[in-house]
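Examining the three-dimensional arrangement
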Number of protein chains: 2
Amino acid sequence: MAAWSERLAGVRGVLLDISGVLFDGGEDGVIPIPGSVEALARLKRSQLKVRFCTNESQVSRKDLVVLLRRKGFDISEGEVTAPAPATCLVLKERGLRPHLLIHDGIRSEFDHIDTSNPNCVVIADAGESFSYRNVNKAFQVLMELENPVLISLGKGRYYKQTSGLMLDVGAYMKALEYACGIEAQVVGKPAPEFFQSALWEMGVEAHEAIMIGDDIVGDVGGAQQCGMRALQVRTGKFRPSDEHHPEVKADGYVDDLAEAVDLLLQHAHQ
Amino acid sequence: MAAWSERLAGVRGVLLDISGVLFDGGEDGVIPIPGSVEALARLKRSQLKVRFCTNESQVSRKDLVVLLRRKGFDISEGEVTAPAPATCLVLKERGLRPHLLIHDGIRSEFDHIDTSNPNCVVIADAGESFSYRNVNKAFQVLMELENPVLISLGKGRYYKQTSGLMLDVGAYMKALEYACGIEAQVVGKPAPEFFQSALWEMGVEAHEAIMIGDDIVGDVGGAQQCGMRALQVRTGKFRPSDEHHPEVKADGYVDDLAEAVDLLLQHAHQ
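About the thresholds
Residues numbered from 1 in each chain as written. Chains lettered and ligands numbered in written order. Predicted model: local features only at pLDDT ≥ 70, side-chain atom pairs only at ≥ 80, totals over all residues. Heavy atoms only, no water. Helix = DSSP H or I, 4+ residues; strand = E, 2+ residues; numbered from the N terminus. Rg over C-alpha atoms; globule rule 2.2 N^0.38 Å. Buried < 20%, exposed > 50% of the residue type's maximum accessible area, 1.4 Å probe, protein only. Contact = heavy atoms within 4.5 Å. Areas by Shrake-Rupley, 256 points an atom, 1.4 Å probe, with all protein chains shown as cover. Lys, Arg positive; Asp, Glu negative; His and termini not counted. Charge placed at Lys NZ, Arg CZ, Asp CG, Glu CD. Core = buried A, V, L, I, M, F, W, Y, C linked by side-chain atoms within 4.5 Å. Pairing = 2+ DSSP bridges. Axes fitted to C-alpha atoms, helices over the stretch in contact; angles between N-to-C directions.

**Details of the overall build of chain A**
- Secondary structure assignment for chain A yields nine helices and 14 strands.
- Relative to a compact globule of 270 residues, whose C-alpha radius of gyration would be 18 Å, chain A shows 18 Å and is just as compact.
- Counting over 270 residues, chain A shows a buried share of 57%.
- Contacts in chain A between residues at least 24 apart in sequence constitute 66% of all its contacts with a sequence separation of at least 6.
- Accessible surface, chain A: about 11,500 Å² in total, of which carbon and sulfur atoms supply 47%.
- Counting 28 positive and 38 negative side-chain charges, chain A places the centres of these two groups 2 Å from one another.

**Considerations on the nonpolar core**
- Membership of the largest hydrophobic core comes to 56 residues, with the highest contact counts inside it found for A:Phe139, A:Tyr172, A:Leu176, B:Phe139, B:Tyr172 and B:Leu176.
- Non-local contacts of A:Leu176, meaning those with residues more than four positions away in its chain, are made with A:Leu101, A:Ile123, A:Val135, A:Ala138, A:Phe139, A:Leu142, A:Leu150 and A:Ile182.
- The next biggest cluster of nonpolar side chains, apart from the first, holds 36 residues, and it includes B:Leu48, B:Val50, B:Val80 and B:Ala268.

**Focus: the sheet that holds strand S4 (residues 49–53) of chain A**
All names here are of chain A.
- The six strands are arranged S5-S4-S1-S12-S13-S14 in an open sheet whose pairing can be described as parallel. Two strands close off the open sheet at either side, each with one partner strand: strand S5 (80–81) and strand S14 (252–254).
- When strand S12 (residues 209–213) meets strand S13 (residues 229–233), the two strands line up parallel, connected through four bridges. When the sheet's bridge partners are listed, Ile212 is paired in S13 with Leu231.
- The strands that helix H2 (residues 36–45) touches are strand S1 (13–16) and S4; relative to S4, the one it contacts most, it runs at about 135 degrees.

What follows is the structure, given as structure tokens:
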């Protein structure tokens, strides 16, 4: 691999994944990854632009920011690109009235959306709410539509909690796709439109931006397909086999956010 | 289409799907499809050989036969090819110890199988037992295996109950395949080995046999791929669009089992 100075030259903006990069989730809430609070603070004091780009879809953007601030992270709601608000825009634009297969923690994001007489299904990381009854109800709604529309908030395979790996929305999206013979529309990483909206809001072009995430496909692969660079952290859902992924190669692998920030502050923007 | 006499000429053996052909399932149990009890009786009085080939994986073969006999169907356990007994053979042959993601109604089929320290996952139509917790546990078992093996009892998309369409095992098989990045091994229709074992037990060669089912892909397509003929009944999970399926064309479409038997008794074995 080329030297870090070469790989990070010209970076002006940093997109940060949240879960698995800033913190690990667990039954007892949010547990900061060691060094990440300080690393974020250093990054935000630098000349680099910073924005957060998450597929979090169990809690609202507002509640997520409250949780993180309580742990000392320097983050505000306006700095976060998340799939639920992006989905609401899509629903309004297209006159769609969703049946919601979501976690109660994110229901408030859809407060102003008409959900009567649904003509599509929106699926998010519903966690325990992915009961057979709930998933089957979404399936039945889709099968009754002449043109079934399924919108998925991300398509992650799994994420990591302190108690172990947890199935993410992508698995249930695939179940509904197969059962109904349809293809879902993904709002969230790795959809290019989602990264592009985050870049636009940060005011940085793709070739000047770098993504830092724990998901080799959703974060690293997705960002690279948009023309960005991307680092994978060895925290969160990272698995050693990711460094030999058959299709995606990160621009660098770092132990954690702290190492990524060290390298960026040393080599970027030159 | 050719005349029925041509399409059915030389048929000596009949494989019957059970759910959606003999009965519709509901919350209140088994509801015979009108005319099917009598049609089966007539078929069994004829010179044609008859065997049942089902993907039923919510109840044991024994309990299924008891339910059906109670409704007047002429059926015995030895006449039924079903995925659970076939799976037990596979597990024993390969020294596999399964983690079971199944319905309690079929657990007795696995009574003699070692399930300690699992080195594979077996998934069946678990119905309400497809809770997030249970599906996630199966996922975690697979992710901890060096060579994850997933065996699925069929890969049906959905089946029909009197209350509506219900997600079948195939949807959850796809969820686990995607989350783990693996491919399941299917025991049941449409796996060719499964049809072949049913033919072997009936003592009839594929070109002399016909399948009657309500599933255009699992029953009709699967049987045809084995060199059998196949009729689709317009009962059970049949949907009008099946008659224009892009990939599978049945050798005939009939209203129900009664019509299929009328035609077979008139035209087969000539």
